[in-house]
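# Breakdown of the fold
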Amino acid sequence: GAVVSQHPSWVICKSGTSVKIECRSLDFQATTMFWYRQFPKQSLMLMATSNEGSKATYEQGVEKDKFLINHASLTLSTLTVTSAHPEDSSFYICSAGELAGGTDTQYFGPGTRLTVL
Amino acid sequence: RKEVEQDPGPFNVPEGATVAFNCTYSNSASQSFFWYRQDCRKEPKLLMSVYSSGNEDGRFTAQLNRASQYISLLIRDSKLSDSATYLCAVKPLGTGRRALTFGSGTRLQVQP
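Everything in this summary refers to the structure shown in the same document.

## Some thoughts on the overall build of chain A
The helix and strand inventory of chain A stands at zero helices and 11 strands. Ordered by position in the sequence, the α and β elements of chain A form the string β-β-β-β-β-β-β-β-β-β-β. A compact globule built from 117 residues would reach a C-alpha radius of gyration of about 13 Å, and chain A, at 14 Å, matches this within 12%. Along the three orthogonal principal directions, the C-alpha set of chain A runs to about 45 × 30 × 25 Å. Counting over 117 residues, chain A shows a buried share of 50%. A total accessible area of about 5,700 Å² is found for chain A, and carbon and sulfur atoms account for 53% of it. When the 9 positive and 10 negative side-chain charges of chain A are each reduced to one mean point, those points stand 8 Å apart.

Written out as structure tokens, the structure reads:
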């Protein structure tokens, strides 16, 4: 299957700082990537859809000025958590869709565990 | 009502047992269905897509019941390594969005 990488795998930061997370599709081009967030014992919740060369589409309740998304190329999307606070501590996972054989399959990056002190 | 619902479990079963999970979805326009496996503190990994006619992959069988709006996953001859959380995911048809909506997952614990 297709490979999606994410960096960093974990990060600890102080409250008020910004954190950038990178998501790369390694062996295919992804015009669309998705950013999810998962709190402990909860499901993945879609935060935003990242489209190459255009603005991201945010889900209701997700602050676009706090979670900045940039999808500058067909293989890279970045999520920046600005002015992070402890309540932003979570597991952030990106995914990229690959269309092959008429099937649209999403592959997930390994996730980034963010802890804000 | 949640778009996708699963029994959180945990399902505690002995090795070799057969176990089945169901997942219900509320959007009748849902088109694509998937089962993902998620290990603790890891990303979800695609286990199998679910096709209208049902499909099997080794010990795993997935089925779709559109009339009752649920999908199921059957695991035969459970192994210790099957212990994980199983997430079902659905994608609607024709909205232009390709994002998945996930259930909260069903935790399976296979015991020796």
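## Comments concerning the interface of chain A and chain B
With 21 residues of chain A in contact, the opposing surface of chain B contributes 17 residues. Contact between chain A and chain B buries roughly 1,600 Å² in total, counting both sides, with carbon and sulfur atoms accounting for 51%. For the pair chain A and chain B, the number of links is zero salt bridges. Connecting chain A to chain B are four residue pairs in polar contact (both at pLDDT 80 or more). Of all the secondary structure elements, the ones that give two or more residues to the side of chain A that touches chain B are β4 (32-38), β9 (90-100) and β10 (103-108) of chain A. Considering every element that reaches the side of chain A that touches chain B, the biggest residue donor is β9(A), with five residues. Counted by class, the side of chain A that touches chain B contains nine nonpolar, eight polar and four charged residues.

## Side note on the side chain of S95(A)
Residue and element names in this part refer to chain A. With respect to the helices and strands, S95 occurs in strand β9. For S95, the side chain forms a polar contact with the side chain of Q106, separated by 2.6 Å. The contacts of S95, once residues within four sequence positions are left out, are T32, M33, F34, Y36, Q106, Y107 and F108.

## Describing the nonpolar core
With 25 residues, the main nonpolar core has W35(A), F67(A), L79(A), Y92(A) and L114(A) as its most contacted residues. Every element with two or more residues in this core is listed here: β2 (10-13), β3 (19-25), β4, β5 (45-51), β7 (67-73), β8 (76-81), β9 and β11 (112-116) of chain A. If near-sequence neighbours (up to four positions away) are discounted, L79(A) is found in contact with V19(A), K20(A), I21(A), W35(A), F67(A), L68(A), I69(A) and Y92(A). Residues V4(B), I75(B), C88(B) and V90(B) belong to the second largest nonpolar core, which totals 23 residues.

## Some remarks on the sheet that holds β3(A)
Residues and elements named next belong to chain A. Read from one edge to the other, the open sheet built from four strands follows the order β1-β3-β8-β7, with strand pairing classed as antiparallel. Strands at the two margins of the open sheet, each flanked by one partner only, are β1 (4-7) and β7. Across this sheet, the average inter-strand angle for adjacent strands is 15°, counted without regard to direction. Where β3 lies against β8, six bridges are found, and the strand directions are antiparallel. Within the sheet, the bridge partner assigned to V19 lies in β8 and is V81.

Calculation notes
- Throughout this document, residue positions are counted from 1 along each chain, in the order its sequence is written.
- Each chain takes a letter, starting from A, and each ligand takes a number, starting from 1, following the order in which they are written.
- Local features in this predicted model are restricted to residues of pLDDT 70 or higher, and side-chain atom pairs are both shown and tallied only at a pLDDT of 80 or more, whereas totals for entire chains, interfaces and linings draw on every residue.
- The basis for every side-chain value is the complete set of heavy atoms in the structure, and neither hydrogens nor water enter the calculation.
- To qualify as a helix, a DSSP run of H or I must reach at least 4 residues; to qualify as a strand, a run of E must reach at least 2; elements of each kind are numbered from the N terminus.
- Radius of gyration: C-alpha atoms only; globule rule: 2.2 Å multiplied by the number of residues to the exponent 0.38.
- Throughout, exposure labels follow a simple rule: accessible area from a 1.4 Å probe, protein chains only, divided by the maximum for the residue type, with under 20% read as buried, over 50% as exposed, and the rest as partly exposed.
- Shrake-Rupley sampling with a 1.4 Å probe provides the accessible areas, and residues are treated as covered by the protein chains on show and by no other component.
- By the counting rule applied here, Lys and Arg register as positive and Asp and Glu as negative, while His and the ends of each chain are not counted.
- Working definition for charges: the position is that of NZ of Lys, CZ of Arg, CG of Asp or CD of Glu.
- Residue contacts follow a heavy-atom distance rule, with two residues in contact if any of their heavy atoms lie within 4.5 Å.
- Defined here as a combined quantity, buried area equals the accessible surface (1.4 Å probe) lost by two parts on assembly, summed across both.
- The rule for a salt bridge is simple: a side-chain nitrogen of Lys or Arg has to be within 4 Å of a carboxyl oxygen of Asp or Glu.
- The definition of a polar contact used here is a pair of N or O atoms within 3.5 Å, where within protein one atom must be able to donate a hydrogen and the other to accept one, and adjacent residues in sequence count solely through side-chain atom pairs.
- As a working rule, the residues Ala, Val, Leu, Ile, Met, Phe, Trp, Tyr, Cys and Pro are called nonpolar, Asp, Glu, Lys and Arg charged, and the rest polar, with Gly in that last group.
- Among the buried residues, those of types Ala, Val, Leu, Ile, Met, Phe, Trp, Tyr and Cys that are joined through side-chain atoms within 4.5 Å form a nonpolar core.
- DSSP-based pairing: two strands are paired if at least 2 bridges between them are found.
- In this analysis an axis means a line fitted to C-alpha atoms, helices contributing only their contacting stretch, and an angle means the value between N-to-C directions, from 0 to 180 degrees.

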